[in-house]
Amino acid sequence: MIKKYIHSLISLKYSVLMTTLSFVVFALSYVVVDKGKTELKPVVLVFAILLAIVLGLYYSKKFPINRYLRKVKDLKEYDQAVMLGTTFVLENRMLVYYKYKLKETYFEDLIGLKIDDANPCILHLEFANEEFDFATHCASENQVARFVKFLKQRNESLDIKGLKVLGDGSLKHLESGI
């Protein structure tokens, strides 16, 4: 389920561009072949090359996800996980997808949390050995506060200065409501 979900997210980002380029290539090819307008051949070639580049980018985003998911132990467990945006949360670990990157982490690996300045429903996750910024999107500020409580209960050393904390810290409470 997770693999299909993440692939769907990637497909949504590229679908309009790939569909448009495909339509343009085939429409221009029809004009060149059927109407004999050979002066349009270079234009068809340019659009075909653009389509090939976009397809290359699309697959370069999908294949690393497949490789990473093969390395995840007990991937089937994540089918029962609580989903917050593109983060899948279990009792002892979570799988975070953000900006075409995927990371499975245990809660002990987290060192800090901070709220996004522009959007209070985005929680940035800071890891000890990670140069890439991961974030999770929650449905509301209350859900962010429940997630902070959940994470703080599993990692007492987590830096949560200035963050609101709500709930009992259970996975079931994290899942409930917005």
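As shown above, the structure is provided for reference.
The residue numbering used here restarts from 1 in each chain and proceeds along that chain's sequence as written. Residue-level local features of this predicted model are given only where pLDDT is at least 70; pairs of side-chain atoms are given and counted only at 80 or more, and the full residue set underlies all totals for whole chains, interfaces and linings. Side-chain figures throughout are based on the complete set of non-hydrogen atoms in the structure, without hydrogens or water.

On to the sheet that holds strand β7 (residues 134–137). As summarised here, the arrangement of the three strands in space is β5-β6-β7, forming an open sheet in which the pairing is antiparallel. Two strands lie at the open edges of the sheet, namely β5 (110–115) and β7, each paired on one side alone. Strand-to-strand twist in this sheet, taken as the mean axis angle between neighbours without regard to direction, amounts to 25°. In this scheme, strands are said to pair when DSSP sees at least two bridges between them. Secondary structure elements follow DSSP: runs of H or I no shorter than four residues count as helices, runs of E no shorter than two count as strands, and numbering proceeds from the N terminus. Fitted lines through C-alpha atoms give the axes, limited to the stretch in contact for helices. The angle between two N-to-C directions lies from 0 to 180 degrees.

Between helix α1 (residues 2–35) and helix α2 (residues 41–71), whose axes approach to 9 Å, the crossing angle comes to 165°. Between α1 and α2, the angle falls in the class roughly antiparallel. The two elements α1 and α2 cross, and the hand of that crossing is left-handed. When residues are sorted by character, Ala, Val, Leu, Ile, Met, Phe, Trp, Tyr, Cys and Pro go into the nonpolar class, Asp, Glu, Lys and Arg into the charged class, and all the rest, Gly among them, into the polar class. Class assignment for the residues of the contact of α1 with α2 results in 23 nonpolar, five polar and four charged. What sets the label is the angle itself: under 35 degrees gives roughly parallel, over 145 gives roughly antiparallel, 65 to 115 gives roughly perpendicular, and the rest give oblique. Handedness of a helix crossing follows the sense of rotation of the near helix relative to the far helix, less than a right angle counterclockwise being left-handed and clockwise being right-handed.

Let's shift gears to the pattern of salt bridges. When their charged atoms lie close together, side chains carrying opposite charge are able to pair. A carboxyl oxygen of Asp or Glu within 4 Å of a side-chain nitrogen of Lys or Arg is what we treat as a salt bridge. Counted according to the given criterion, the structure contains three salt bridges. In this structure, the salt-bridge partner of E91 is R154, at a minimum N-O distance of 2.7 Å. A residue pair is termed long-range when its members are at least 10 positions apart, and E91 in the loop between β2 (87–89) and β3 (93–98) and R154 in helix α3 (residues 141–154) qualify at 63 residues. E104 serves as the salt-bridge partner of R93, at 2.7 Å between the closest nitrogen and oxygen. A residue pair is termed long-range when its members are at least 10 positions apart, and R93 in strand β3 and E104 in strand β4 (residues 101–106) qualify at 11 residues. The class of R93 is buried, set by a relative accessible area of 5%. Looking at E104, the relative accessible area reads 18%, which means it is buried. Look at the salt bridges and you will find they share partners, linking E77, R93 and E104 into a network. The buried label applies to any residue whose accessible area, calculated with a 1.4 Å probe on protein chains only, is under 20% of its type's maximum; exposed applies above 50%, and partly exposed to all values in between.

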